[in-house]
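# An overview of the molecular structure
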Amino acid sequence: MYKARIIGTGSHVPEKVLTNKDLEAIVDTSDEWIITRTGIKERHIASNGEATSDFAYQAALNAMEMAGTSPEEIDMIIVGTITPDMITPSAACLIQSKLGAKRAAAFDIAAGCTSFLFALSVADSFIKNGNAEKILIVGAETLSKITNYEDRGTCILFGDGAGAVVLSREKGDRGILSTHLFSDGSYGDLLYMPGGGSARPASKESIEKREHYLRMDGNKVFKIAVKSLEEAALTALSHNDLTRESIDLLISHQANFRIIDAIGKRLDLPPEKIFINIDKYGNTSSASVPIAIDEANRQNRIKENNLILLDAFGAGFTWGSAVLRW
Ligand code: ACO
């Protein structure tokens, strides 16, 4: 049996750091409120002229270097993002060109903060079916460009960056054991950006109404996120006949420390089995799970044959999980 196995991980965030103290000067908030309610201390933010494909490219290079994979070997590039450099061409095509990965089919997936897991699931199918040998997946965002820095309910949350993995078709037990994806579009208006698409293209009016920024009912999103993340995690465990104790590490979307903590408690996982880096990066949407995978990997928090549970939730709503034997 062939499996899709992660053979390299990488990440990259912009240099510029926006601390909670910096935000105190912009909106009516406090370092103490942000840390208590979200767990975030700082986030990295793009400078003028930096865009999603810049971070994605660097993260991809780091992952390919660890994998020992050259651009010519890549069959497919999938980028999970809701903030591509432009509407078209896709971020994946821009990265394909920067890498010189001429053989690779390249496309984006937009599934909110769950985009990386959607990309992982699609890539897993291509590899298992024998239609690809090596796939580069990147989760990358520049959320600061669609964040309303006059709205304290959202601007304290988001950060920029990218994470990447190289998947390889390999024989054996190690690799992706399962992926489960869910969506419910009826919740679309709880987290959305009204402007910039075909319904509300950019105009003087749309700019004046600040329609090109994310809008969120954080409190409602919070409650549904906890329920959905639990559902996705339990589905993954039961599908694989796994007990909660058998999970070595939970890598969840880093949206809010309290959400991750609630999931950990519902799954009876001790703190040492839950990866947290939201304090440094905030919510980087599609980039959060692959950045966390890369950090956990480079910090040796993941050992060969460990069982890793991935869990994510985002705009749409979309949510999903994956189990990997590392
Ligand atoms: N600083 C100080 N006070 C604030 C701030 C702030 N930054 N933001 C809100 N408040 C105030 C509110 O105005 C409210 O005041 P009031 O009681 O006087 O009305 C009070 O704090 C409580 O507000 P809530 O919105 O109920 O606060 P909550 O505890 O829910 O925290 C938060 C807000 C952090 C946004 C939380 O709801 C959250 O994390 N939600 C989930 C976000 C998420 O997971 N998004 C999904 C993925 S994102 C994506 O897909 C791109």
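Below is a short write-up of the structure. (Residues numbered from 1 in each chain as written. Predicted model: local features only at pLDDT ≥ 70, side-chain atom pairs only at ≥ 80, totals over all residues. Heavy atoms only, no water.)

## Side note on the pairing of strand S4 (residues 76-80)
Of all five residues that make up S4, five are buried, and the element is covered over most of its length. Across the two faces of S4 the burial is the same, with Met76, Ile78 and Gly80 and Ile77 and Val79 all buried. As paired elements, S4 and strand S5 (residues 105-109) share five bridges and run parallel to each other. From the neighbouring strand, Val79 faces S5, where its bridge partner is Asp108. (Buried < 20%, exposed > 50% of the residue type's maximum accessible area, 1.4 Å probe, protein only. Helix = DSSP H or I, 4+ residues; strand = E, 2+ residues; numbered from the N terminus. Pairing = 2+ DSSP bridges.)

## Concerning the pattern of salt bridges
Pairing of side chains with opposite charge becomes possible as their charged atoms draw close. By the definition in use, this model includes 18 salt bridges. In this structure, Lys128 engages Asp124 in a salt bridge whose closest nitrogen and oxygen atoms are separated by 3.0 Å. Taken together, the residues Lys128 and Asp124, both in helix H5 (residues 115-128) and four residues apart, mark about one turn of the helix. Since its relative accessible area comes to 34%, Lys128 is described here as partly exposed. (Salt bridge = Lys/Arg side-chain N within 4 Å of Asp/Glu carboxyl O.)

## Considering the environment of Ile40
One can find Ile40 in the loop between helix H2 (31-38) and strand S3 (42-44). With 239 residues separating them along the chain, Ile40 and Asp279 place their C-alpha atoms 4.0 Å apart. Contacts of Ile40, omitting those with residues within four sequence positions, involve Asn20, Ile34, Ile35, Ile156, Leu157, Ile278, Asp279, Gly282 and Asn283. (Contact = heavy atoms within 4.5 Å.)

## Details of the side chain of Ser288
Looking at where Ser288 falls in the secondary structure, it is placed in helix H11 (residues 288-298). Excluding residues within four positions of it along the chain, Ser288 makes contact with His253 and Gln254.

## A short note on the site of the ligand
Residues in contact with the ligand amount to 24 residues; listed here are only the nearest, Thr29, Arg37, Cys113, Asn219 and Asn256. With respect to the ligand, the backbone of Gly218 contributes an N or O atom lying 3.0 Å from a nitrogen atom. Interatomic distance of 2.8 Å between a side-chain N/O atom of Asn219 and an oxygen atom of the ligand. Relative to its unbound accessible area of 1000 Å², the ligand is 75% covered by the protein chains. Those elements that place two or more of their residues in the shell around the ligand are H2, helix H6 (152-155), helix H8 (218-239) and helix H9 (257-266). The greatest single-element share of the shell around the ligand, amounting to four residues, is contributed by H8. Residues belonging to the shell around the ligand are distributed by class as follows: eleven nonpolar, nine polar and four charged. Of the domains in this structure, domain 1 (2-172) and domain 2 (177-325) are the two that each give at least three residues to the shell around the ligand. (Near = heavy atom within 4 Å. Polar contact = N/O pair within 3.5 Å; in protein donor to acceptor, adjacent residues only side chain to side chain. Areas by Shrake-Rupley, 256 points an atom, 1.4 Å probe, with all protein chains shown as cover. Nonpolar A, V, L, I, M, F, W, Y, C, P; charged D, E, K, R; others polar. Domains from an automatic or database assignment.)

## Quick look at the packing of aromatic side chains
Enumeration according to the criterion identifies four aromatic pairs in this entry. Measuring from centroid to centroid gives 5.7 Å for Phe182 and Trp319, while their planes differ by 10°, and the two rings are stacked. Taken together, the positions of Phe182 in strand S8 (residues 175-183) and Trp319 in strand S13 (residues 318-325) put the pair 137 residues apart, joining distant regions of the chain. Judged by relative accessible area, which is 9%, Trp319 ranks as buried. Ring plane angle 35° and centroid distance 6.4 Å describe the contact between Phe313 and Trp319, whose orientation is recorded as tilted. On the accessibility criterion, Phe313 (4% relative accessible area) is buried. Here a set of aromatic residues connected by ring pairs shows up, and it is made of Phe182, Tyr187, Phe313, Phe317 and Trp319. The ring of Tyr2 has Arg169 sitting right over it, with the charged end atom 3.8 Å from the ring centre. (Phe/Tyr/Trp six-rings, centres within 6.5 Å; stacked < 30°, edge-to-face > 60°. Lys NZ or Arg CZ within 6 Å of the ring centre and 35° of its normal.)

## Points about the packing of helix H3 (residues 52-67) against helix H4 (residues 91-99)
Direction vectors running N to C along H3 and H4 enclose 55°, while the axes themselves pass 10 Å from each other. On the basis of the axis angle, H3 is oblique to H4. Of the two possible hands of crossing, H3 and H4 adopt the one that is right-handed. Facing Ser53, Asp54, Ala56, Tyr57, Ala60, Leu61 and Met64 of H3, the residues of H4 in contact are Leu94, Ile95, Lys98 and Leu99. (Axes fitted to C-alpha atoms, helices over the stretch in contact; angles between N-to-C directions. Parallel < 35°, antiparallel > 145°, perpendicular 65-115°, else oblique. Left-handed = near helix turned anticlockwise from the far one by under 90°.)

## What about H5?
With 14 residues, H5 extends 20 Å between its outermost C-alpha atoms, agreeing within 8% with the 20 Å of an ideal straight helix rising 1.5 Å per residue. Among the 14 residues of H5, ten are classified as buried, and the element is accordingly described as predominantly covered. (Expected span 1.5 Å × (residues − 1).)

## Quick look at the environment of Val289
One can find Val289 in helix H11. Residue Val289 is classed as buried on the basis of its relative accessible area of 1%. It is 8.3 Å that separates the C-alpha atoms of Val289 and Leu117, two residues lying 172 residues apart in sequence. Excluding residues that lie within four positions of it along the chain, Val289 makes contacts with Phe116, Ile251, Ser252, His253, Leu310, Asp311 and Ala312.

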